[in-house]
Amino acid sequence: LVKTRVVRDPFLRADAGSASVNGFDVAAVEILPDERDQIESRLRRASDEDFRLVITSGGTGLSPRDTTPEATLAVSDRVVPGIAELMRIESLKITPKAALSRAVAGIRKGTLIINLPGSVKGVRECLAAVRPILSHAVDVLKQSSLGCGE
């Protein structure tokens, strides 16, 4: 897991423990500055280290320093728009501010990268939205020839 906020740690407080409850072992939690090149570098390294799932928290808003989506897209081989759409749809049921999220999800090699918001509330809401699909997504990425109908 990679966290991209320096000052706040909503992911650590909100849901770091719950990732292991859902069948995922938390292999790393890191705090990075809001610097696109550092985020890109760590995302690449996580993929090269065979992380199956990388979740970022923060840097998805409208501020000039919010560059996590750009970093994610820069390192991704493919985009998974449905994940970000699902998070926004579910979050919009709670607050219209969800429309301001620029979060994305992508795949680099066999790693699924998902951007979450920087707030504790946003992390909880977005993880709740994607939890039902995470295991399947990671399983499919592990097996390069697996067909969805199999």
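Residues numbered from 1 in each chain as written. Predicted model: local features only at pLDDT ≥ 70, side-chain atom pairs only at ≥ 80, totals over all residues. Heavy atoms only, no water.

Participant: Just give me the short version of the pattern of salt bridges, but keep the residues and values in it.
Facilitator: Under the defined criterion, the tally for this structure stands at 12 salt bridges. Between Arg36 and Glu40 there is a salt bridge; the shortest N-O distance is 2.6 Å. Pair noted here: Arg36 and Glu40 are both in helix α3 (residues 36-48), with a separation of four residues, about one helical turn. On the basis of relative accessibility, which here comes to 13%, the residue Glu40 falls in the buried class. A salt bridge links Glu70 to Arg102; the nearest nitrogen and oxygen atoms lie 2.6 Å apart. With a gap of 32 residues between them, Glu70 in helix α4 (residues 68-75) and Arg102 in the loop between α5 (81-92) and β5 (105-108) connect regions that are remote in the sequence. Look at Arg102 and you get partly exposed, because its relative accessible area is 27%. Here the salt bridges share partners, and the residues they tie into one network are Glu30, Arg42, Arg45 and Glu49. (Salt bridge = Lys/Arg side-chain N within 4 Å of Asp/Glu carboxyl O. Helix = DSSP H or I, 4+ residues; strand = E, 2+ residues; numbered from the N terminus. Buried < 20%, exposed > 50% of the residue type's maximum accessible area, 1.4 Å probe, protein only.)

Participant: I'd like to hear about α3, residue by residue, with values.
Facilitator: An ideal rise of 1.5 Å per residue puts 18 Å on 13 residues; α3 measures up with 18 Å between its terminal C-alpha atoms. Among all positions of α3, only Ile39, Glu40, Arg42, Leu43, Ala46 and Ser47 are buried. Along the long axis of α3, the arc covered by the buried residues comes to 165°, so they all point the same way. Looking one or two residues past α3, Asp50 carries a phi angle of roughly 65°, positive in sign. (Expected span 1.5 Å × (residues − 1). Arc of directions from axis to C-beta.)

Participant: Tell me what's going on with α4, and back it up with residues and numbers.
Facilitator: Looking only at α4, the buried set comprises Thr68, Pro69, Ala71, Thr72 and Val75. In an axial view of α4, the angular spread of the buried residues amounts to 160°, which keeps them on one side of the axis. Packing partners of the buried residues in α4 comprise α3, β3 (53-57), β5 and β6 (111-116). (Contact = heavy atoms within 4.5 Å.)

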